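# Geometric and topological summary
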Amino acid sequence: MSKKDFEEKSVVFSALEVAKLCGVVNQTAINWIKGNHLKAYQTPGGQFRVYPEDLYDFMMSRNMRIPEELKELCKPEDPESSPLKILFVDDDEAFNSVSVKLLAKHFPDAQIFQAFDGFEAGAKMVEKQPNCLILDIGLPGIDGLRLCSRIRESDAFGKPEIIVVTGLEDDDTEKKCRDLGVRYYFKKPLVVSELAAAIGEAFNC
């Protein structure tokens, strides 16, 4: 599908168009939708329709190659109206504050917020709508895995890029995070420059 085709389309894709973009047959795309793996809605005529942002998130979660045209389609029209907003969530207050100060030096134009437990993080997500969430897994209140699940299941939190920073060593936790669409997973002790590089890669900044 050419860039011109994208620009002339409405803001949704049919199951057949999804299949073409993903390089699969039409039935596979339909199975993804019916299996609740790919978010979609049905028209009055019973046809499936998928929003570009939902297709983008699905392809990201499957580590699929995303066409440049789809990336462009999902970019904000006015980048200045949607600055980088980071929510840093960790119950270690000293680590949280030091990390935030260092990130502010890397991204001086970003808005950076802090939360120290899962409940506060959920409230800040709804209030601030950050597009980047840096999340510890072992949180008091709602743990990080449950928070990831809630974010993926509800539009109330927006669709942030989730970056996990944790002191947990078990591979099972990392697999669970990956299954929830987490692309970046760091183990403590954290090297803030590596975290900043991941943010820069995710947001092209």
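Rules behind the numbers
- Residues numbered from 1 in each chain as written.
- Predicted model: local features only at pLDDT ≥ 70, side-chain atom pairs only at ≥ 80, totals over all residues.
- Heavy atoms only, no water.
- Helix = DSSP H or I, 4+ residues; strand = E, 2+ residues; numbered from the N terminus.
- Buried < 20%, exposed > 50% of the residue type's maximum accessible area, 1.4 Å probe, protein only.
- Phe/Tyr/Trp six-rings, centres within 6.5 Å; stacked < 30°, edge-to-face > 60°.
- Lys NZ or Arg CZ within 6 Å of the ring centre and 35° of its normal.
- Salt bridge = Lys/Arg side-chain N within 4 Å of Asp/Glu carboxyl O.
- Axes fitted to C-alpha atoms, helices over the stretch in contact; angles between N-to-C directions.
- Parallel < 35°, antiparallel > 145°, perpendicular 65-115°, else oblique.
- Left-handed = near helix turned anticlockwise from the far one by under 90°.
- Contact = heavy atoms within 4.5 Å.
- Nonpolar A, V, L, I, M, F, W, Y, C, P; charged D, E, K, R; others polar.

A few words on unusual backbone geometry. Pro189 follows Lys188 through a cis peptide bond whose omega is 5°. Assignment of secondary structure puts Pro189 in the loop between strand S8 (184-187) and helix H10 (192-203). Here the phi dihedral of Asn63 falls at roughly 55°; this positive angle occurs in a residue that is not glycine. Counting through the fold element by element, Asn63 comes out in the loop between helix H4 (52-61) and helix H5 (68-74). One non-glycine residue, Gln129, adopts positive backbone phi at about 50°. Mapped onto the elements of the fold, Gln129 is located in the loop between helix H7 (118-128) and strand S6 (132-135). With relative accessibility at 33%, the residue Gln129 sits in the partly exposed group.

Turning next to the packing of aromatic side chains. Two aromatic rings are characterised by how far apart their centres lie and by the angle between their planes. With the rule as written, the count across this model stands at three aromatic pairs. Ring geometry for Trp32 against Phe58: centres 4.8 Å apart, planes inclined by 50°, an arrangement best described as tilted. Highlighted residues: Trp32 in helix H3 (residues 26-34) and Phe58 in helix H4, separated in sequence by 26 residues. In terms of burial, Trp32 and Phe58 fall into one category: buried. The aromatic ring of Phe95 is capped on one face by Lys188, whose charged end is 4.6 Å from the ring centroid.

Another aspect to go through is the pattern of salt bridges. If the charged atoms of two oppositely charged side chains come close together, the side chains can form a pair. Counting across every chain of the model gives 12 salt bridges. Residue Lys124 pairs with Glu120 through a salt bridge whose shortest N-O separation is 3.7 Å. One end of the pair, Lys124, and the other, Glu120, are both in helix H7, four residues apart, so they sit about a helical turn from each other. A relative accessible area of 28% means that Glu120 is categorised as partly exposed. The shortest N-O distance in the salt bridge between Arg178 and Glu174 comes to 3.1 Å. Taken together, the residues span about one helical turn, with Arg178 and Glu174 both in helix H9 (residues 171-179) at a distance of four residues. Given a relative accessible area of 33%, Arg178 falls into the partly exposed group. Residues joined in a network through salt bridges with shared partners are Lys39, Asp54, Asp57, Asp155 and Lys159.

Relative orientation of the contacting elements helix H6 (residues 93-106) and H10 amounts to 50°, with a least axis distance of 10 Å. In terms of orientation, H6 and H10 fall into the oblique class. When you trace H6 past H10, the crossing you get is right-handed. Residues Leu102, Leu103 and His106 of H6 touch H10, and the partners they reach there are Val192, Ser193, Leu195, Ala196 and Ile199. Residue composition of the contact of H6 with H10, grouped by class: six nonpolar, two polar and no charged.

By themselves, these figures tell us nothing about what the structure is for.
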